[in-house]
Every structure is written in C-alpha cells, then in structure tokens.
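Analysis of the macromolecular model
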Amino acid sequence: MKDKVYIFDTTLRDGEQVPGAKLVTDEKIALAKQLELLGVDIMEAGFPISSPEDFNAVRKIANTVKKSTVCALARGLDEDIDVAARSIENAAAPRIHTFISVSDIHIENQMRKTRDEVLKMVDRAVSRAKSYLDNVEFSPMDASRADFEYLVKFTQVAIDAGATTINLPDTVGYALPEEWGFMIKSLVERIPAFKNDVVLSMHTHNDLGLATANALAGVVNGARQVECTLNGVGERAGNCSLEEVVMTIKMRYQDRFYTQINTKEICKTSRLVSEVMGLPVQPNKAVVGANAFAHSSGIHQDGIIKHRDNFEIMDPDDVGASGSAIVLTARSGRAALKHQLEKLGYVYEKANLEPIYLRFLEWADEKKQISDDDLHALVENVEAISK
Ligand SMILES: [Zn+2]
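So, about the overall build of the protein chain. Helices and strands together make up the secondary structure of the protein chain, namely 14 helices and 12 strands. Dimensions of the protein chain along its principal axes, counting C-alpha atoms only, are 90 × 40 × 40 Å. A sequence separation of at least 24 residues applies to 72% of the contacts in the protein chain between residues at least 6 apart.

So, about the environment of Asn 284. Structurally, the position occupied by Asn 284 is in the loop between helix 10 (266–277) and strand 11 (294–295). Spatially, the C-alpha atom of Asn 284 lies 9.7 Å from that of Ala 294, the residues being 10 residues apart in sequence.

With that settled, consider the nonpolar core. Core analysis: the biggest nonpolar cluster contains 90 residues, and Ile 7, Met 43, Ala 45, Val 70, Ala 72, Val 226 and Val 245 have the highest contact counts within it. Aside from chain neighbours lying at most four places away, what touches Val 245 is Thr 212, Ala 215, Leu 216, Val 226, Cys 228 and Cys 240. The next biggest cluster of nonpolar side chains, apart from the first, holds 9 residues, and it includes Ala 336, Leu 337, Phe 360 and Leu 378.

A separate point is the sheet that holds strand 2 (residues 6–9). Pairing between the strands of a sheet comes from backbone hydrogen bonds, and it takes one of two forms, parallel or antiparallel. If you trace the 8 strands once around the closed barrel, you get 2-3-4-5-6-7-8-9, paired in parallel fashion. Within this sheet the neighbouring strands show an average axis-to-axis angle of 25°, counted without direction.

If you check the backbone angles, Asp 142 has positive phi at about 65° while not being a glycine. Along the chain, Asp 142 turns up in the loop between strand 6 (136–141) and helix 6 (148–160). Taking the C-beta count within 10 Å as the criterion, Asp 142 has 22 such neighbours and is therefore assigned buried. One non-glycine residue, Val 287, adopts positive backbone phi at about 70°. As for its position among the elements, Val 287 is in the loop between helix 10 and strand 11.

Right, let's get into the domain arrangement of the protein chain. Think of interface size as the accessible area that goes away when the parts come together; that is how it is often given. For the protein chain, the assigned domains are domain 1 (3–277) and domain 2 (294–386). The gap between the C-alpha centroids of domain 1 and domain 2 is 45 Å. On the side of domain 2, 6 residues touch domain 1, which itself brings 9 residues to the contact. Elements with a minimum of two residues in the side of domain 1 that touches domain 2: helix 9 (242–252) and helix 10.

Along an α-helix, a turn takes 3.6 residues, which lines up residues three or four apart on a common side. Across its 14 residues, helix 1 (residues 25–38) extends 20 Å between first and last C-alpha, which sits within 8% of the 20 Å expected from 1.5 Å per residue. Of all the positions in helix 1, only Lys 28, Leu 31, Ala 32, Gln 34, Leu 35 and Leu 38 are classed as buried. Along the axis of helix 1, the buried positions cluster into a sector of 165°, meaning they face one direction only. Contacts from the buried residues of helix 1 go to strand 2, strand 3 (42–46), helix 2 (52–64) and helix 10.

A separate point is the packing of helix 3 (residues 78–87) against helix 5 (residues 115–132). Where helix 3 contacts helix 5, the two axes come as close as 10 Å, and the packing angle between them is 25°. Compared by their axis directions, helix 3 and helix 5 come out roughly parallel. The hand of the helix 3/helix 5 crossing is right-handed. Contact with helix 3, carried on its side by Asp 78, Ile 81 and Ala 85, involves Ala 125, Arg 128, Ala 129 and Tyr 132 of helix 5 and no other residues of that element.

One can describe the packing of helix 8 (residues 211–220) onto helix 9 by two numbers: an axis separation of 10 Å at closest approach and a directional angle of 45°. As far as their axial angle goes, helix 9 and helix 8 are oblique. The chirality of how helix 8 crosses helix 9 is right-handed. Residues Thr 212, Ala 215 and Leu 216 of helix 8 pack against Glu 244, Val 245 and Thr 248 of helix 9.

Further remarks concern the pairing of strand 4 (residues 69–75). Burial analysis of strand 4 places 6 of its 7 residues in the buried class, which makes it a mostly covered element. Bridge analysis of strand 3 against strand 4 gives 4 bridges, and the strand direction is parallel. Looking at strand 4, one finds that Gly 46 is bridged to Ala 72. Following the backbone out of strand 3, through helix 2 and into the adjacent parallel strand 4, one traces a crossover that is right-handed. As paired elements, strand 4 and strand 5 (residues 94–101) share 6 bridges and run parallel to each other. By the bridge assignment for strand 5, Ala 72 is matched with Ile 96. Traced from strand 4 through helix 3 to strand 5, the parallel crossover comes out right-handed.

What follows is about the environment of Arg 13. Within the element layout of this structure, Arg 13 appears in the loop between strand 2 and helix 1. Linking Arg 13 and Lys 367, residues 354 residues apart in sequence, is a C-alpha distance of 43 Å. Those residues in contact with Arg 13 that lie beyond four places of it in its chain are Glu 44, Ala 45, Gly 46, Phe 47 and Leu 73.

When you line up the elements, Tyr 357 lands in helix 13 (residues 350–366). Spatially, the C-alpha atoms of Tyr 357 and Leu 378 are 9.6 Å apart, while their sequence positions differ by 21 residues. Among all residues touching Tyr 357, those that are not within four sequence positions of it are Arg 334 and Leu 337.

Reading the values: the criteria
Here the residue numbering is sequential within each chain, running from 1 through the sequence in written order. Only residues with pLDDT of at least 70 get local features here, since the model is predicted, and only at 80 or more are side-chain atom pairs given and counted; chain-wide, interface and lining totals rely on the full set of residues. The helix and strand labels rest on DSSP assignments: H or I over at least four residues marks a helix, E over at least two residues marks a strand, and numbering proceeds from the N terminus. The contact criterion used here is simple: two residues whose C-beta atoms, placed from the backbone, lie within 7 Å are in contact. Nonpolar cores are identified as sets of buried Ala, Val, Leu, Ile, Met, Phe, Trp, Tyr and Cys residues joined via C-beta atoms within 7 Å. Here a residue counts as buried when 20 or more other C-beta atoms sit within 10 Å of its C-beta, as exposed when there are 12 or fewer, and as partly exposed otherwise, the C-beta atoms being derived from the backbone. Strand pairing requires that DSSP identify at least two bridges connecting the strands. Only the stretch in contact is used when a helix axis is fitted, and all axes are lines through C-alpha atoms; the angle between N-to-C directions ranges over 0 to 180 degrees. By convention here, the domain bounds are inherited from an automatic or database domain assignment. Expected helix span is taken as 1.5 Å per residue step, with the number of steps being one fewer than the number of residues. The reported arc concerns the directions from the helix axis to the C-beta atoms and nothing else. Each angle is binned into one of four classes, with values under 35 degrees roughly parallel, values over 145 roughly antiparallel, values of 65 to 115 roughly perpendicular, and all other values oblique. The crossing is said to be left-handed when, going from far helix to near helix, the turn is anticlockwise and less than a right angle, and right-handed when the turn is clockwise. With its strands directed away from the observer, a crossover is right-handed exactly when the path from the first strand over the helix to the second travels clockwise.

What follows is the structure, encoded as structure tokens:
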C-alpha cells in the first residue's frame, strides 16, 4: 500500500516574507484560488497578528477556499492564537499553526527562559488553540539544533495537549539529509502517536541547497507532511520547492508514496507566483525553469528527436510546461537543424542539407542562438546563391 504525503504550501506566508515580494489582498486571493486548483492539502494563508491587512487577507481566503485546509500562523501567545482563530472562523477546514522554540540557543538567548518554563508554554499554547478547533499544528522551532531528548519531551507535551500535526522546522537550513532522516526515524520510534493519528511534518530551508533532499529523507523515514513553496521562495535562500518534492515523489518514489497534487497545474502556478511576487525563476530551476525542457547539445538534440526518453526523465505535459524545446546554437547538429527546418516547411535530402548546415554554423558562431526567423533568412540566402 502506498502512503499519502500531505502537501502544506506556505507560499502565502513564508514565501511572502521575501523582501519586496509582499502581496496585496487581491493577489493573495488569486494565488490562493490557484493553489486550490493545484490541489494542495493545506495552505498557510498568513500570519494574522502581524498586520490588519494580513488578518483581512487570511479571512477572505478562509471565506473563499473550499477544498484545501486554510491555516493561520500564530506564535505561542494567547493573543496571537485568539486572532488566528478569529481569522479562519469561516473556513470550511481551518487549522491553527502555532510554534515555540525548542533549541537551547533560542531558549537561552532569545526567550531567556528555562526548559521547564518553555514546556508549560507549549501546553498552554496548544491547549488554547485546541479550545477553538480540533486541527492544530505545532512546530518546535529550530528543531535541527535542539537536544534530542528535550525534543522528544517537548513533542510529547504538544501531542498530549492535542496537537494533530507536529512540524519539525530546520529553521536555519543547517541539517544534512542523513542526520535529518535519522532524527525523523528516531522520533517516530520514540513517539507511538506518529504511527497512528498524529502527522509528522517538516519545514526545511535551503541555505545549503538541501531543502528538498532533507524533506525527502524525512518522508522516507516516516514523516508524512512536507511544508514547501512554489519556486522555493521564502526567507533567505528559501524553502523546500513544492514542484521538486512532488515530482520526485511521482517520478522516483511512486511505488511507496503519492501526493494529491494536480501536477499539470505546476507551471501555471509557478508563473503566477513569479509574476505577483516579482521574483523571476532562474532559467535552470528544476521542473519549472525556462530551460528545464530545452536541449542545446547536438548529441542530446539528436536523441530527443529520435525518442524523448533518451534525454528527458519527465514529460513536460505532466507539469503543464509548453513542451520540449530544441534550441539551435553552434553546438547543434544536422539532425536538429533538419528537424527544425521541417517544422517550418523546408524538407531537404541529406546531400542538399549540407550547404545549409555549413552556413548555419557560420551564423550560429556569430549569434548566440538561431531563431525561426533566422532560419527562413538562412534558407533564402543559400538558395539565392545556388541559383
Ligand atoms: Zn520558514
């Protein structure tokens, strides 16, 4: 039997913390609707205590979205939790997500409390959230740098108070896949509730480029929810990328896990996020980058033309991309040129192609890329000379 991995999208909350990416309410609602179409299980709509505008945006999203669970973030403080609960009171499926730091670094240097005092805060925060609704997520912040025995205790207190999801953040993006996977495995072994009705989640950051690898290491070791964003947007170097996790599960872990994401909506959602946040996607970005399905080397182009599987592991249709592209450059071969000319209506036998190919190489050495317009001009030029 395959296990479901829940996709918790935090583009509207962690993603929106990127400097300059702040969204107005209408943009947030448009994005929330697209996330619902994409099929995310849970969307974190915002941090309602942070500003009146954010409160209103979360409220409107909660009123609009029907299929996904709508989650509001709150620090583990009474007022935060009360405001978060109010913002999602009309949601079809509401969730409160509250958090308190678990690492000694944060407990001593930021909160200035003792470990025992913090455990009482955990109980109080989760119990308060639980007084409003049943679906409560709790995050032990900075889990990757915490003392493991204290983390076990901390997590157990949150579960005893009623938390239904425990989310381990690698807040500073410091974890390595093997140690992160081991921590998840050890926690599942120590806390039986994770084998029953409490979901273990992860929130990984990409400071060392390991956010996706860490999240997948966690899934393999027993976690069943991944917190992520489109295009990997988020604080500093960003969050785990939704598209990377979802497509890796679909392409490589298909015998063990599945998600309910409608993958054909991935590229559309990625473009919308990039547009409204004003954050361009790097061309070589996995899955959604402009070059993710573009081929430029002659050997690869020849292979792709003969059979797509030769050099592509994913079908571009599967993620809603516009299709494989052959980019003609000075590194392209005769097969790619012939293929592109035929698309434009020029059919050449092998012998007749040669003068065109030689001229093509001259042009391609001068220009970086040869467009369809260039090809029309090239054909006219060569034919005019040979007449
Ligand atoms: Zn984060």
